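If you want the building blocks of each chain, they are given just below.
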Amino acid sequence: MTTPGKDTAASGRIDVEGFEQVLFNHDTRTGLRSVVVVHDTTLGPALGGVRMHPYSDENAALDDALRLARAMTLKASAAGLDLGGGWSVVIADPARDKTEELLRAHGRFIATLGGRFIPVNDVGTDQADLKVIGREVSPVCDSGDPSPWTALGVLEGIRACLRADGSDGTLAGVRVCVQGVGNVGSALAGLLAAESAELIVADTDPARAADVAERFGARVVAPSVATATECDVLAPCAMGAVVDDATLPELRCRIIAGGANNVLAAPEHAAALAARGILYAPDFCVNAGGLVFLEEQILGHDRAQSEQRVRQVGPRLAEVIAQARRTGVTTTDAAVELAQARLRTAPGA
């Protein structure tokens, strides 16, 4: 570990209501500009991603980190995990700016939190990057890619939504549009293809979309029309804010359930979806499989037990949908209440 501020030219702390800690860092030697957010550690240390993205400015990076950290707290709590929520972002282009020195500088920055934040790979980083970061801070989640487990949880979540929509949960013949076929999206496409779903894929990288389509027998559509594509299930698996004022009227699906975080651009879009008769699986419930797997790795459990717990994403989501229908609230409100109830009753809350 490094001493806090050892090679940091400018590092500050600000107070944000409802968050435990928000840290900015600028390391002049490596050019690192990053943010680490700890939202809530009531249930345990905050686990969160390391996202590397060329944000337009620090405000955009901070906004993304705050949203993701808050969602992680809800995700861990709703999934019954003994983990808190946090996130970190590096303001850089992973294709151009990622270096060992930059990653290690971010590791030294995380180390200043003394174990309160546990990093895992996210958009723009992978397991190899976490191993580099782990040379400067411990613990890190670098013992297995959580993406396939996130995809498995989403699969079970889609099955739960289909059952709630009146079917037996069989995926054969169900038309699913997977928006974004990176690590999670491509894994989900493979699982859906294995169950004979009718696949549609979209990605900002045409070559990646074509590759996934060829491997799994999918039809490719342009990213710009993915939300308007007629399907049974829209599965967002890339960046957030998929449902906004512009895309909401053009949706032609009956279920939204995917691996992306912060799918709704604003809270009021949950009610708007319900008014249109679209069943929305709250993102922090349906994409919790990767987080469940990471806790399983921290606890040292085997693959069979990990898979069993990840598959419980479906039954937990079914409870949320049933609660929403009983009480007349949106699925998002029902999921948030489930998570907050556990936070309120936790020892030391």
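Let me sum up the structure you'll find in this document. (Residues numbered from 1 in each chain as written. Predicted model: local features only at pLDDT ≥ 70, side-chain atom pairs only at ≥ 80, totals over all residues. Heavy atoms only, no water.)

1. Details of the packing of helix H5 (residues 183-194) against helix H6 (residues 206-216)
How we decide: Angular values range over 0 to 180 degrees, each being the angle between N-to-C directions of two axes fitted as lines to C-alpha atoms, with helices fitted over their stretch in contact. Helix and strand assignments follow DSSP, with helices taken as H or I runs no shorter than four residues and strands as E runs no shorter than two, numbered in order from the N terminus. Orientation is classified from the angle alone, with under 35 degrees giving roughly parallel, over 145 giving roughly antiparallel, 65 to 115 giving roughly perpendicular, and any other angle giving oblique. By convention the crossing between two helices is left-handed if the near helix lies anticlockwise of the far one by an angle smaller than a right angle, and right-handed if it lies clockwise. In what follows, a contact means two residues having at least one pair of non-hydrogen atoms within 4.5 Å. Throughout this entry, Asp, Glu, Lys and Arg are counted as charged residues, while Ala, Val, Leu, Ile, Met, Phe, Trp, Tyr, Cys and Pro are counted as nonpolar. The remaining residues, Gly among them, count as polar.
The contact between H5 and H6 brings their axes to 10 Å, and the two run at 20 degrees. With respect to H6, the axis of H5 lies roughly parallel. The hand of the H5/H6 crossing is right-handed. Residues Ser 186, Ala 189, Gly 190 and Ala 193 of H5 pack against Val 212, Arg 215 and Phe 216 of H6. Taken together, the residues that form the contact of H5 with H6 break down as 4 nonpolar, 2 polar and 1 charged.

2. Regarding the nonpolar core
Most often, soluble globular proteins keep nonpolar side chains buried together rather than apart. To keep it simple, the criterion reads: Residues grouped as a nonpolar core are buried Ala, Val, Leu, Ile, Met, Phe, Trp, Tyr and Cys residues, joined through side-chain atoms within 4.5 Å. Only protein chains enter the accessibility calculation, which uses a 1.4 Å probe; a residue is then buried when its area is under 20% of its type maximum, exposed when over 50%, and partly exposed in between.
If you look at the biggest cluster of nonpolar residues, it comprises 73 residues, and the most contacted ones within it are Leu 47, Val 178, Leu 188 and Leu 192. Take this core: its biggest share by element is 10 residues, from helix H1 (residues 58-78). Here Leu 188 is in contact with Ala 151, Val 154, Leu 155, Val 178, Ala 235 and Cys 237, once residues within four sequence places are set aside. In terms of nonpolar packing, the next biggest core, distinct from the first, is built from 22 residues, Val 36, Val 38, Ala 46 and Leu 103 among them.

3. Focus on the pairing of strand S5 (residues 84-91)
The condition that has to hold: The pairing criterion for strands is at least two bridges between them, as found by DSSP. Whether a crossover is right-handed comes down to one check: with the strands pointing away from the viewer, does the path from the first strand over the helix to the second run clockwise; if it does, it is right-handed.
Across the 8 residues of S5, 8 count as buried, placing the element largely inside the fold. Side-chain alternation along S5 places Gly 84, Gly 86, Ser 88 and Val 90 on one buried face and Gly 85, Trp 87, Val 89 and Ile 91 on a second face that is also buried. When strand S4 (residues 46-53) meets S5, the two strands line up parallel, connected through 6 bridges. In the sheet register, Ala 46 faces S5, and the bridge partner there is Gly 84. As for the winding sense of the linkage, the β-α-β connection from S4 through H1 to S5 is right-handed.

4. Things to note about helix H4 (residues 147-164)
One turn of an α-helix holds 3.6 residues; hence residues three or four places apart share an orientation. The condition that has to hold: By this rule, a helix spans an expected 1.5 Å times one less than how many residues it contains.
Taking 1.5 Å as the rise per residue, H4 with 18 residues should run 26 Å; its terminal C-alpha atoms sit 26 Å apart, in good agreement. Here H4 lies mainly inside the structure; 15 of its 18 residues are buried. Downstream of H4 by one or two residues, Gly 166 has phi in the positive range, about 110 degrees.

5. Some thoughts on unusual backbone geometry
Note the cis peptide between Ser 138 and Pro 139, where omega equals 5 degrees. With respect to the element layout, Pro 139 can be found in the loop between helix H3 (127-133) and H4. Despite not being glycine, Ala 241 has its phi angle at roughly 55 degrees, a positive value. Within the secondary structure, Ala 241 is located in the loop between strand S10 (233-236) and strand S11 (255-256). Of note, the phi angle at Asn 262 is positive, near 55 degrees, even though the residue is not glycine. The class for Asn 262 is buried, based on a relative accessible area of 17%.

6. Concerning the sheet that holds strand S9 (residues 219-220)
The 6 strands lie next to each other as S9-S8-S7-S10-S11-S12, forming an open sheet whose pairing is parallel. Unpaired on one side and paired on the other, S9 and strand S12 (279-280) mark the two borders of the sheet. H5 rests against strand S7 (175-179), strand S8 (198-202) and S10 of the sheet, and its axis sits at about 165 degrees to S7. Relative to S8, H6 is tilted by about 170 degrees, and along the sheet it contacts S8 and S9.

7. Quick notes on helix H7 (residues 268-275)
We apply this condition: Arc definition: directions from the helix axis to the C-beta atoms.
By the burial criterion, the buried members of H7 are His 269, Ala 270 and Leu 273. Summarising the axial view, the buried residues of H7 lie within an arc of 110 degrees, below the 170-degree limit, and thus occupy one face. Looking at H7, the residues exposed on the side facing more than 90 degrees away from the buried face are Glu 268 and Ala 275. Packing partners of the buried residues in H7 comprise S11, S12 and helix H12 (331-345). Taken from the residues just after H7, Gly 277 is the one with a positive phi, measuring 80 degrees.

8. Section: the pattern of salt bridges
Just so we agree on the cut-off: We define a salt bridge as a side-chain nitrogen of Lys or Arg found within 4 Å of a carboxyl oxygen belonging to Asp or Glu.
Counted under the stated rule, the structure contains 26 salt bridges. Residue Glu 136 is joined to Arg 108 by a salt bridge in which the shortest nitrogen-to-oxygen separation is 3.3 Å. Within this pair, whereas Glu 136 is found in the loop between H3 and H4, its partner Arg 108 is found in helix H2 (residues 100-111), the two being separated by 28 residues in sequence. Each member of the pair Glu 136 and Arg 108 is classed as buried. Asp 211 is paired through a salt bridge with Arg 215; the nearest N and O atoms lie 3.2 Å apart. A residue pair is termed a helical-turn pair when its members lie 3 or 4 positions apart in one helix, as Asp 211 and Arg 215 do in helix H6 at 4 residues. Overall, Arg 215 belongs to the partly exposed group, its relative accessible area being 49%.

9. A short note on the packing of aromatic side chains
This is how the line gets drawn: Stacked, tilted and edge-to-face are the three classes assigned to paired rings of Phe, Tyr and Trp, where Trp is represented by its six-membered ring and a pair needs centres within 6.5 Å; plane angles under 30 degrees give stacked, over 60 edge-to-face, the rest tilted.
Per the counting criterion, the structure on display carries 1 aromatic pair. Their ring planes at 5 degrees and their centres at 4.9 Å tell us that Trp 149 and Phe 293 sit as a pair that is stacked. A residue pair is termed long-range when its members are at least 10 positions apart, and Trp 149 in helix H4 and Phe 293 in helix H9 (residues 289-299) qualify at 144 residues. Exposure remark for Trp 149: the relative accessible area of 8% places this residue in the buried category.

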